[in-house]
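Working through the structure, step by step
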Amino acid sequence: DTAVSQTPKYLVTQMGNDKSIKCEQNLGHDTMYWYKQDSKKFLKIMFSYNNKELIINETVPNRFSPKSPDKAHLNLHINSLELGDSAVYFCASSDRGHSTDTQYFGPGTRLTVL
Amino acid sequence: AQSVAQPEDQVNVAEGNPLTVKCTYSVSGNPYLFWYVQYPNRGLQFLLKYITGDNLVKGSYGFEAEFNKSQTSFHLKKPSALVSDSALYFCAETYSGGGADGLTFGKGTHLIIQP
């Protein structure tokens, strides 16, 4: 069984559109994350979220918003897509969000903005 | 501020030889260090982590890493490389109380194992 899953795997869209990426984890973890991997393979945290608190990386534009319908899901909604948003987006989860916890990653969603 | 350095963009090793992928960190206090591997068009897979205790950490697929506080390093090693080890390797860190801040990653090192 897949521990952390993301849909879709690939997403191609036009500038200015709004899109969402879904993430689900079946590990029973309390904390979920979104990371962005750019074209140079550099990985950067965007958000972390548990049922109590949302932590936003200050460099993330407010066009990006995480939405969590329940503990097992953390979706990423992006408004007014820009060319620079093209990247691979990874969802991850960890048990309690402690800094010693291992984070488990999903397979990624490759977003291409035309 | 935290940072993780992986000084080599690429490491080439012949199959059967030992391999080392280098990582240095700069967080003050007690760092928590991780290694992940990314195969082409795949997500990141956890290999191992150092939290406290024994400086030599053993992980998945025969990999190990040694935490060296004096040199602020956490190099990844394997005694005998396999062609299937070829992938992109990331070192990452966090720190006490920083769980919600996520992992800070190095830029990655491409490991190429030549048959």
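Let me begin by describing the structure that accompanies this report. (Residues numbered from 1 in each chain as written. Chains lettered and ligands numbered in written order. Predicted model: local features only at pLDDT ≥ 70, side-chain atom pairs only at ≥ 80, totals over all residues. Heavy atoms only, no water.)

Some words on the overall build of chain B
Operational definition: The helix and strand labels rest on DSSP assignments: H or I over at least four residues marks a helix, E over at least two residues marks a strand, and numbering proceeds from the N terminus. The globule rule used here is 2.2 Å times the number of residues to the 0.38 power, and the radius of gyration it is set against is calculated over C-alpha atoms. Exposure is judged per residue with a 1.4 Å probe applied to protein chains only, and the accessible area is read against the type maximum: over 50% gives exposed, under 20% gives buried, and values in between give partly exposed. Only heavy atoms matter for contacts: two residues are in contact if any of them lie within 4.5 Å across the pair. The accessible surface values rely on the Shrake-Rupley method and a 1.4 Å probe; as for residues, cover is taken only from the protein chains in view.
Tallying secondary structure elements over chain B gives zero helices and 12 strands in all. The order of α-helices and β-strands along chain B, N terminus first, is β-β-β-β-β-β-β-β-β-β-β-β. Taking 2.2 N^0.38 as the reference for a compact globule, 115 residues should give roughly 13 Å; the C-alpha atoms of chain B span a radius of gyration of 14 Å, in line with that estimate. In terms of its C-alpha atoms, chain B occupies a principal-axis envelope of roughly 45 × 30 × 25 Å. Buried residues in chain B amount to 46% of all 115 residues. Contacts spanning at least 24 positions in sequence make up 58% of the contacts within chain B whose residues lie at least 6 apart. When the accessible surface of chain B is totalled, it reaches about 5200 Å², and 49% of it is carbon and sulfur.

Structural notes on the overall build of chain A
Helix and strand counts for chain A stand at zero helices and 11 strands. Traced from its N-terminal end to its C-terminal end, chain A shows the element sequence β-β-β-β-β-β-β-β-β-β-β. Computed over C-alpha atoms, the radius of gyration of chain A comes to 13 Å, within 12% of the 13 Å expected from 2.2 N^0.38 for 114 residues, which places it in the range of a compact globule. By its C-alpha atoms, chain A is 35 × 30 × 30 Å across when sized along the principal axes. Within chain A, the fraction of its 114 residues that count as buried is 44%.

Remarks on the state of the cysteines
All names here are of chain A. Convention followed: Criterion for a disulfide: a pair of cysteine sulfur atoms within 2.5 Å.
Evaluated as defined, the whole model comprises two disulfides over all chains. For cysteine 23, the disulfide goes to cysteine 91, at an S-S distance of 1.9 Å. One quick way to see it: the torsion about the S-S bond of cysteine 23 and cysteine 91 is about -75 degrees, and its sign makes the bridge left-handed. Within this pair, whereas cysteine 23 is found in strand 3 (residues 19-25), its partner cysteine 91 is found in strand 9 (residues 87-94), the two being separated by 68 residues in sequence.

Notes on the sheet that holds strand 3 of chain A
Residues and elements named next belong to chain A. This is how it is decided: Pairs of strands are assigned from DSSP output, requiring at least two bridges between the strands. Between N-to-C directions, angles cover 0 to 180 degrees, with each direction set by a line fitted to C-alpha atoms, over the stretch in contact for helices.
Read from one edge of the open sheet, four strands run 1-3-8-7, paired in antiparallel fashion. For this open sheet the edge positions go to strand 1 (4-7) and strand 7 (64-70), each flanked by a neighbour on one side alone. Going from strand to strand, the sheet's axes swing by 20 degrees on average, the running direction of each strand aside. By the bridge criterion, five bridges tie strand 7 to strand 8 (residues 73-78) in an arrangement that is antiparallel. Considered in strand 8, the bridge of serine 65 is made with histidine 77.

Here we look at the nonpolar core
Heads up, the rule is: Only buried Ala, Val, Leu, Ile, Met, Phe, Trp, Tyr and Cys residues count toward a nonpolar core, and they belong to the same one when joined by side-chain atoms within 4.5 Å.
Formed by 26 residues in total, the largest nonpolar core has its most connected members in Trp35, Leu48, Leu76 and Tyr89 of chain B. Counting residues per element, the ones that place at least two in this core are strand 2 (10-14), strand 3 (19-21), strand 5 (31-38), strand 6 (44-50), strand 8 (64-68), strand 9 (73-78), strand 10 (87-95) and strand 12 (109-114) of chain B. Residue contacts for tyrosine 89 of chain B: discarding those within four places in its chain leaves Gln6, Trp35, Tyr36, Val37, Leu47, Phe63, Leu76, Gly108, Thr109 and Leu111 of chain B. In this structure, Ile21, Phe64, Cys91 and Leu111 of chain A belong to the second largest nonpolar core, which totals 19 residues.

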